[in-house]
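Residue strings, one per chain:
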Amino acid sequence: MTAILPGLELVGVSHTFGNKTVIQGLDLVVPDGSLTCLLGPSGCGKTTVLRLAAGLETLQVGQIKINDVCVADVNNTIPPETRNVGLMFQDYALFPHLTVLRNVSFGLNSLPTGSRDVLAKEALARVGMLDAASFYPHMLSGGEQQRVALARAAAPSPGVMLLDEPFSGLDTELRASLRQDTLRLIKETGATTLMVTHDPMEAMLVADHLALMNGGRVVQAGLPMDLYRQPNTPFCARFLGEAIEYIGFVRSGEVVTPLGSVPSENAKEGDEVVVLVRPEALNLRPESEGQGIIATVGGRRDLGLQTKLELRLESDDEPVHVNLPAQDLPLTGSKVAVSLDFTMVFVFPVRDR
Ligand code: ATP
């Protein structure tokens, strides 16, 4: 296995606003050249982490390194403008009194005017906004402004890009196209990128590496698919995708659930456990062909690529609602045998809940 080279690293970082601790002993590694998503619920401290990394917030505890060079600790701090970071923050709006071109060339002020404009125009062309170079921000739509903000962040070719919810507030179509362009630009520049989002689907879609935060800490980090398939807590399992949940007790190494018995490796005999079943763990076969828990297919709702299916289990009064790929689903009213793929079933002691 190749070692991960950290492009950006936060070590033992804690941060307090007044008497409220919002970051608590946080460790975060953004692999060099990766697009890492920092994912977590509202208020868990994601933006604060980004602001600390950018140098917009003074570090109180811990250390921040870029390419193994310390840019901030409790004694020293390198100011934002010399950290070689590009910022695209929600509240880091364009300057209203400057044209699009001037907005983008603003961060290139160490260069002679001629080269500044060349680089700024190149950056605008990459995000499809060159034709708007002489416009003012108020003449642009929200999506166009975000493209310009992206060009501004990328124009100086920073080693590290920090993006805070860069696609929020856009409709689905614009969001998808801006996301596509942003990914392309980031890959072209090769910048180590940390992008904040609270949307797990978005994170799974774009991230090379994922860091999940909760309560001011990174609680799990790794490849997106590993977090989805091997969550280390119920929180991670729930946050990254849908799951049907049951509570049960471990007896002879198994937990009995309405969907059948599930092996329990993470818990001790007699433990009360929470069982989380990913929808794709469910194998549905016609009753005559399969083995497992018998269920009748109830209502269904087409959601496009997926269908929400209601399964009325013979073993439980409570129906199961599950989103499954829309193809080849059993008909309403038919009986199916439900069996489980245990690799997509997670069991945790209830104390971890
Ligand atoms: P969201 O997804 O809602 O943007 P977040 O995960 O980015 O949230 P932060 O914006 O980092 O969270 O905020 C973490 C906590 O710190 C919140 O409770 C917030 O109210 C608080 N906080 C952030 N900035 C300040 C500040 N300047 N002064 C006081 N409290 C702050």
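Check the entry above for the structure.
What counts and how
Residues numbered from 1 in each chain as written. Predicted model: local features only at pLDDT ≥ 70, side-chain atom pairs only at ≥ 80, totals over all residues. Heavy atoms only, no water. Near = heavy atom within 4 Å. Polar contact = N/O pair within 3.5 Å; in protein donor to acceptor, adjacent residues only side chain to side chain. Areas by Shrake-Rupley, 256 points an atom, 1.4 Å probe, with all protein chains shown as cover. Helix = DSSP H or I, 4+ residues; strand = E, 2+ residues; numbered from the N terminus. Core = buried A, V, L, I, M, F, W, Y, C linked by side-chain atoms within 4.5 Å. Buried < 20%, exposed > 50% of the residue type's maximum accessible area, 1.4 Å probe, protein only. Domains from an automatic or database assignment. Contact = heavy atoms within 4.5 Å. Pairing = 2+ DSSP bridges. Axes fitted to C-alpha atoms, helices over the stretch in contact; angles between N-to-C directions.

Caption draft 1: Up close: the site of the ligand. Taken together, Phe17, Lys20, Val22, Pro41, Ser42, Gly43, Cys44, Gly45, Lys46, Thr47 and Thr48 are the residues near the ligand. Within the backbone of Cys44, an N or O atom sits 3.1 Å from an oxygen atom of the ligand. Surface burial for the ligand is 59%, taken as the share of its 640 Å² of free accessible area covered by protein chains. Secondary structure elements with two or more residues in the shell around the ligand: strand S2 (20–31) and helix H1 (46–54).

Caption draft 2: Geometry of the nonpolar core. Membership of the largest hydrophobic core comes to 77 residues, with the highest contact counts inside it found for Leu124, Leu259, Val275, Val277, Leu282 and Leu311. Per-element tally for this core: the top contributor is helix H4 (residues 142–154), with six residues. Built from parts of two domains, this core gets at least three residues from each of domain 1 (6–239) and domain 2 (244–352). If we skip the residues at most four places from it in the chain, Leu311 touches Leu282, Leu284, Ala295, Thr296, Val297, Pro319, Val320, Val322 and Val336. Judged by nonpolar contacts, the second largest core, of 30 residues, contains Val22, Val49, Ala54 and Ala211.

Caption draft 3: Summary view of the sheet that holds strand S19 (residues 335–340). Strand order across the open sheet formed by five strands is S15-S19-S16-S17-S18, with antiparallel pairing between neighbours. In the strand order of this sheet, the two ends are held by strand S15 (282–286) and strand S18 (320–325), each with one partner. Shown here is a sheet whose adjacent strand axes are inclined to one another by a mean of 45°, direction ignored. As paired elements, S15 and S19 share five bridges and run antiparallel to each other. For Leu284, the partnering residue across the bridge sits in S19 and is Val338.

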